[in-house]
Amino acid sequence: MAAGSFFLQNLLRSKYFGLFLCFALIHGQPGFAQVDGEIETFDLLMPNVLPKKAETYFCTPIRIDSDTDYYIVGFVPNATMETAHHMLLYGCEEPGSDEEVWNCGEMAVKDPSLKSAEPCKKGAQVIYAWAHDAPPLQLPPGVGFHVGGRSKIQYITLQVHYASVERFADGTRDDSGVFLKYTTIRQPKSAGVLLMGTGGRISANSVEYMETACKINEDKVIYPFAFRTHTHALGRVVSGYKVSRVNRKDQWKLIGKQDPQLPQMFYPVANNLTLTKGDTVAARCTMVSNRNWVTRIGLTSDDEMCNFYILYWTEGGEVLNTKHCFSMGPPIYNWSRNRLNSIPDDASTL
């Protein structure tokens, strides 16, 4: 007998897909989806789209059954870097559009046959990101993204960035996306993502530090367990830290550091630590440009991005209300101007 259903709606076709689950808690800790029989899969894929211009961003949504609580416990990408530059999954209270597919790249190239909108109209939060042939992501036991039911995430929007369209020149269509691993068994730890990034620019023939930092102002205990870095071609090192001030001196503890030209997967954190009210999180992207022109933060592959993702869990259902930590970047912002001190000498080396 079905214990629950994960109804997801294609908004244009107005069809519901019912996936019925049967569960048994066998010899495991209650609340953990531990075996394959307790976990189901939903295919969140582009509906055979045909991107015609390079640097196109497409979005497609699904609606989650609001009568049942679900917990996403894993993500399996269905894409290659030859097809998709990167993919993002956004949890939304309301999707950016009620179309099946729409342009969602702000200043990026747009398909004139489609409407344009943000990935979410309300309540946007990143729950997964993929690039550079990153492998699947499985969350730790007991950790899940709460969606549907009583959660604020009532829709999930898939965004795919097509930096090149050469492989579609013959009319081949694309179904890149993500297989969602989910369960209706309540997970005792709630997953969340804090996305850090910058604006700014990189001068010609220079080494630039793109930095951001934010103080945790919420009375919650955050347990980071994975991190992810993202830049385009100029990124060499991306690092993230917990910063605590003791007697006017900052103490830095590494959350994670990686070469962003490697597979842009979620890596285990470098140190087991917690983030609490009053702590600061700080991130730096070290950019090296041999170009004879200024490179700015932007959406195309010729532009740059500087992102550091912190994947964390909290006890119970309360994740951070703050989803983003962004600065204006160079030349306006840096850590020193934010009065951070004792900056690690190795923040830009691996």
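Before reading further, recall that the structure is shown in the block above.
Conventions used here
Residues numbered from 1 in each chain as written. Predicted model: local features only at pLDDT ≥ 70, side-chain atom pairs only at ≥ 80, totals over all residues. Heavy atoms only, no water. Helix = DSSP H or I, 4+ residues; strand = E, 2+ residues; numbered from the N terminus. Buried < 20%, exposed > 50% of the residue type's maximum accessible area, 1.4 Å probe, protein only. Contact = heavy atoms within 4.5 Å. Areas by Shrake-Rupley, 256 points an atom, 1.4 Å probe, with all protein chains shown as cover. Pairing = 2+ DSSP bridges. Axes fitted to C-alpha atoms, helices over the stretch in contact; angles between N-to-C directions. Polar contact = N/O pair within 3.5 Å; in protein donor to acceptor, adjacent residues only side chain to side chain. Phe/Tyr/Trp six-rings, centres within 6.5 Å; stacked < 30°, edge-to-face > 60°. Lys NZ or Arg CZ within 6 Å of the ring centre and 35° of its normal. Disulfide = S-S within 2.5 Å.

Draft legend 1. Summary view of the overall build of the protein. Along its length, the protein carries 0 helices and 27 strands. Buried positions account for 55% of the 350 residues belonging to the protein. For the protein, the proportion of contacts with a sequence separation of at least 24, taken over those separated by at least 6, is 82%. Element-wise, carbon and sulfur atoms account for 49% of the exposed surface of the protein, whose accessible area totals about 15,800 Å².

Draft legend 2. Inspection of the sheet that holds strand E22 (residues 249–258) at higher detail. If you walk across this open sheet you meet the 4 strands as E19-E24-E21-E22, and the pairing is antiparallel. The open sheet is flanked by strand E19 (206–215) and E22, the only strands paired with a single partner. Across the sheet, the axes of successive neighbouring strands diverge by a mean angle of 25°, strand direction being ignored. Bridge count between strand E21 (residues 235–246) and strand E24 (residues 280–289): 8 bridges; the pairing is antiparallel. What sits directly across from Lys242, in E24, is Val281.

Draft legend 3. A look at the environment of Thr300. Summarising the element assignment, Thr300 is placed in the loop between strand E25 (295–296) and strand E26 (306–315). The contact partners of Thr300, leaving out residues within four places of it in the chain, are Glu55 and His232. A distance of 2.9 Å separates a polar atom in the side chain of Thr300 from a polar atom in the side chain of Asp303.

Draft legend 4. Focus on the packing of aromatic side chains. Applying the stated criterion across every chain, the model contains 12 aromatic pairs. When the ring of Phe58 is compared with that of Tyr162, the centres are 5.9 Å apart and the planes differ by 70°; the resulting orientation is edge-to-face. Here Phe58, found in strand E6 (residues 56–64), pairs with Tyr162, found in strand E15 (residues 155–162); they are 104 residues apart in sequence, far enough to count as distant. Under the relative-accessibility criterion, Tyr162 is labelled buried at 0%. The structure contains a cluster of three or more aromatic residues connected by ring pairs, namely Phe58, Tyr162 and Phe168. Cation over ring: Lys189 sits above Trp313, and NZ or CZ is 4.1 Å from the ring centre. A cation sits over an aromatic face here: Arg284 above Tyr209, 3.9 Å from the ring centre.

Draft legend 5. Local environment of the state of the cysteines. The full count for this structure, using the stated rule, is 4 disulfides. Between the sulfur atoms of Cys214 and its disulfide mate Cys325 the distance is 2.1 Å. Judged by the torsion about the S-S bond (100°), the Cys214/Cys325 disulfide is right-handed. Of this pair, Cys214 sits in strand E19 while Cys325 is found in strand E27 (residues 324–327), placing the two residues 111 residues apart along the sequence. A residue is classified by how much of its surface remains accessible, and Cys214, at 24% relative accessible area, is partly exposed. Residue classification places Cys325 among the buried positions, given a relative accessible area of 1%. The disulfide partner of Cys285 is Cys306, and the gap between their sulfur atoms is 2.1 Å. Residues Cys285 and Cys306 share a disulfide whose torsion about the S-S bond is about 90°; that sign makes it right-handed. Residue Cys285 is found in strand E24, and its partner Cys306 is found in strand E26; the two are separated by 21 residues along the sequence. Each member of the pair, Cys285 together with Cys306, is buried.

Draft legend 6. Examining the pairing of strand E8 (residues 86–92) more closely. Judged by how many residues are buried, E8 sits mostly within the fold: 7 of 7 residues are covered. Of the two faces of E8, the one lined by His86, Leu88, Tyr90 and Cys92 and the one lined by Met87, Leu89 and Gly91 are each fully buried. Strand direction decides the pairing type here: E8 and strand E12 (residues 125–131), joined by 6 bridges, are antiparallel. Pairing of Leu89 across the sheet is with Tyr128, part of E12.

Draft legend 7. Examining the pairing of E15 more closely. Extensive coverage of E15 is indicated by the burial of 8 of its 8 residues. A two-sided burial pattern is seen for E15, the buried positions comprising Tyr155, Thr157, Gln159 and His161 on one face and Ile156, Leu158, Val160 and Tyr162 on the other. Relative to E15, E6 is paired through 8 bridges, and the arrangement is antiparallel. What sits directly across from Cys59, in E15, is Gln159. One ladder, built from 7 bridges, connects E8 with E15; its direction is antiparallel. Within the sheet, the bridge partner assigned to Met87 lies in E15 and is Val160.

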